[in-house]
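# Descriptive analysis of the structure
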Amino acid sequence: MAWVAALLTGALALPASTPTAELGRVQVQGEAAIARERKTLAQLFKAQSLFEKYRGLAPAAALTFKVYPRTQGELAQKLELALVTPEGREPVALDAEDRFVIDPSWRQLDPSTELRSRLADGRVTWRPDIRTPGVPDGERRLGDLRLQCRVAFGSGVARGATGFGWLLSLAFDDCWEKDWSPSNFADRPVFAVTLVHGGRRLTLSQHLLHGLRDDGGSDYDWGYSLRERMFRLPLGDESWPDDTRVVFEAMDDPPAAPDDAVKALQDEWVQAALALLPGMTPDEVAQRLGPFGDDTRFESGRRLQRRVHEIQQPGGPLRLEQVCLFGADDRLLKSSLRRLAPARR
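As a starting point, this report considers the structure included with it. (Residues numbered from 1 in each chain as written. Predicted model: local features only at pLDDT ≥ 70, side-chain atom pairs only at ≥ 80, totals over all residues. Heavy atoms only, no water.)

## Observations regarding the pairing of strand β3 (residues 62-69)
One face of the sheet, then the other: side chains in a regular strand alternate in exactly this way. For the record, the criterion: Here the term buried applies to any residue with accessible area under 20% of the maximum for its type, exposed to any over 50%, and partly exposed to those in between, with areas from a 1.4 Å probe on protein chains only. What counts as a helix is a DSSP run of H or I of at least four residues, what counts as a strand is a run of E of at least two, and both are numbered from the N terminus. When DSSP locates at least two bridges between a pair of strands, those strands are taken to pair.
Burial analysis of β3 places 7 of its 8 residues in the buried class, the great majority of the element. Two elements, β3 and strand β8 (residues 124-131), share 8 bridges in a ladder whose sense is antiparallel. For Ala62, the partnering residue across the bridge sits in β8 and is Arg131. In this sheet, strand β6 (residues 99-100) lies alongside β3 in antiparallel orientation, the contact comprising 2 bridges. Pairing of Phe65 across the sheet is with Phe100, part of β6.

Next comes the structure, spelled out in structure tokens:
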């Protein structure tokens, strides 16, 4: 594990405020395009078995499966999922959220029977969708997502790792890493994710959202239009119990108020970051804050820029993360200034 650990950086929550966890991880979940638009009944049955095995993580939840269009969102209505049997294609009904459940009659079929979408060439991806009733819109329950990870990546429903990715998957339990997880997809394009349990809050670093900062997104489930919705969580951090709320701020939500402790900082750069106004251009932001560290562009035309600022304090450096969201017209929609938690030692 030492060689794997050397690839990682992590963070812990600070109970006194709302810090941001900054984490990084090598992405290993690749899948050939030909495998994305189809799954076998054997994979679905294995997912059902894993759901029952780990159901203690989410005792009241139900198991469904969701199919995601990876490219143009308007193609969702053309997914046309079907079982491919010797007698022909048998349509599988999807609900309004493109979800379906296992039909008990499928147990009578050959487990190698495939479910396919008509969107071929890697234009769809799959996930179990596990939710406890009563969780508000815009939130998920952490235990549901822990269970969803084990079901998704233990069954092969989420992806089929190959080559080096498969070797890495043998070295560690992806779903129980303290600082990281395989990819998840929010219901809407996501700007921020915050863990909340009682009075404790942790806003995740932008590095846990939207995939790697390279040109390889098309090789992974979260590429293309799904990049805006992709997030990771510290699923293996047991200091966050299963009933922790996972709260999403969507890209089109009003901006959340900055932390009071951040607003109180007497720092020229901080005050300039807090004074940014909607409508500014990237150049105008750069004039006030300096160059960005990351610049992530999305299929929708939106883009996110990230900067990190460090303030020296008697108790040690305070690191802040500033994130700007620009529209397709390159005008600032909203921004956020968040505390980064200290690196895990």
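## Structural notes on helix α4 (residues 142-155)
Applied cut-off: Between the first and last residue of a helix there are one fewer steps than residues, each counted as 1.5 Å, and that sum is the expected span.
Its 14 residues place the ends of α4 20 Å apart at the C-alpha level, agreeing with the 20 Å of an ideal helix rising 1.5 Å per residue. Extensive coverage of α4 is indicated by the burial of 13 of its 14 residues. One or two residues past the end of α4 sits Gly156, with phi positive at roughly 90 degrees.

## Some words on the pattern of salt bridges
Rules: We define a salt bridge as a contact between a side-chain nitrogen of Lys or Arg and a carboxyl oxygen of Asp or Glu at a distance within 4 Å.
For the structure on display, the rule yields 22 salt bridges. Across the pair Asp187 and Arg131 runs a salt bridge, and its minimum N-O distance is 2.8 Å. Separated by 56 residues along the polypeptide, Asp187 in the loop between β10 (184-185) and β11 (190-197) and Arg131 in strand β8 bring together distant segments of the chain. With its nearest N and O atoms 2.5 Å apart, the salt bridge here joins Glu321 to Arg306. In this pair, Glu321 sits in strand β17 (residues 318-326) while Arg306 sits in strand β16 (residues 303-311), placing the two residues 15 residues apart along the sequence. This pair shows no difference in class: Glu321 is buried, exactly as Arg306 is. Through salt bridges with shared partners, a single network forms among Asp95, Arg99, Asp129, Arg131 and Asp187.

## Regarding the state of the cysteines
What counts is decided by this rule: The rule for a disulfide is simple: a pair of cysteine sulfur atoms within 2.5 Å.
For the structure shown, the criterion picks out 1 disulfide. A sulfur-sulfur distance of 2.0 Å marks the disulfide that ties Cys149 to Cys175. The sign of the -80 degrees torsion about the S-S bond sets the Cys149-Cys175 disulfide as left-handed. One end of the pair, Cys149, is in helix α4; the other, Cys175, is in the loop between α5 (163-171) and β10, and 26 residues separate them in sequence. By the burial criterion, Cys149 is buried, and Cys175 matches it.

## Here's the deal with the pairing of β11
The buried count for β11 comes to 7 of 8 residues, which makes it a mostly enclosed element. Judged from the 6 bridges that link them, β11 and strand β14 (residues 245-250) form a sheet pairing that is antiparallel. Looking at the pairing, Val196 lines up with Arg245 of β14. By the bridge criterion, 4 bridges tie β11 to strand β12 (residues 200-204) in an arrangement that is antiparallel. Across the sheet, His197 pairs through a bridge with Arg200, a residue of β12. Following β11, the chain reverses through 2 residues before pairing antiparallel with β12; Gly198 in that reversal takes a positive phi of roughly 60 degrees.

## A look at the layout of surface pockets
Basically, it comes down to this: Here a cavity means grid points, on a 1 Å grid over the protein atoms only, where a 1.4 Å probe fits yet cannot get out; a pocket means an open set of points with protein on both sides within 12 Å along at least five of seven lines; lining residues are those with an atom within 4 Å of a point. Grid points are joined across faces, edges and corners, and a volume is the space filled by probe spheres set on the points. All residues other than Ala, Val, Leu, Ile, Met, Phe, Trp, Tyr, Cys, Pro, Asp, Glu, Lys and Arg, Gly among them, are scored as polar; the first ten of these are nonpolar and the last four charged.
Of the voids in this model, the largest pocket is the one considered here, and its volume is about 710 Å³. Lining the largest pocket are 36 residues, and of these Glu97, Ala186, Asp187, Arg188 and Arg229 lie nearest its centre. Elements represented by at least two residues in the lining of the largest pocket include exactly β3, β8, β9 (139-141) and β14. Its residues placed into classes, the lining of the largest pocket shows 14 nonpolar, 5 polar and 17 charged. If you add up the space inside the second largest pocket, you get close to 600 Å³. As for the second largest pocket, its lining consists of 28 residues, and the residues nearest its centre are Glu249, Ala256, Ala257, Pro258 and Ser336. Put simply, the parts of the chain that give the lining of the second largest pocket at least two residues each are β11, β12, β14, α7 (268-274) and β18 (332-340). Among the elements that line the lining of the second largest pocket, the one with the most residues is β18, at 8 residues. Residues belonging to the lining of the second largest pocket are distributed by class as follows: 16 nonpolar, 6 polar and 6 charged.

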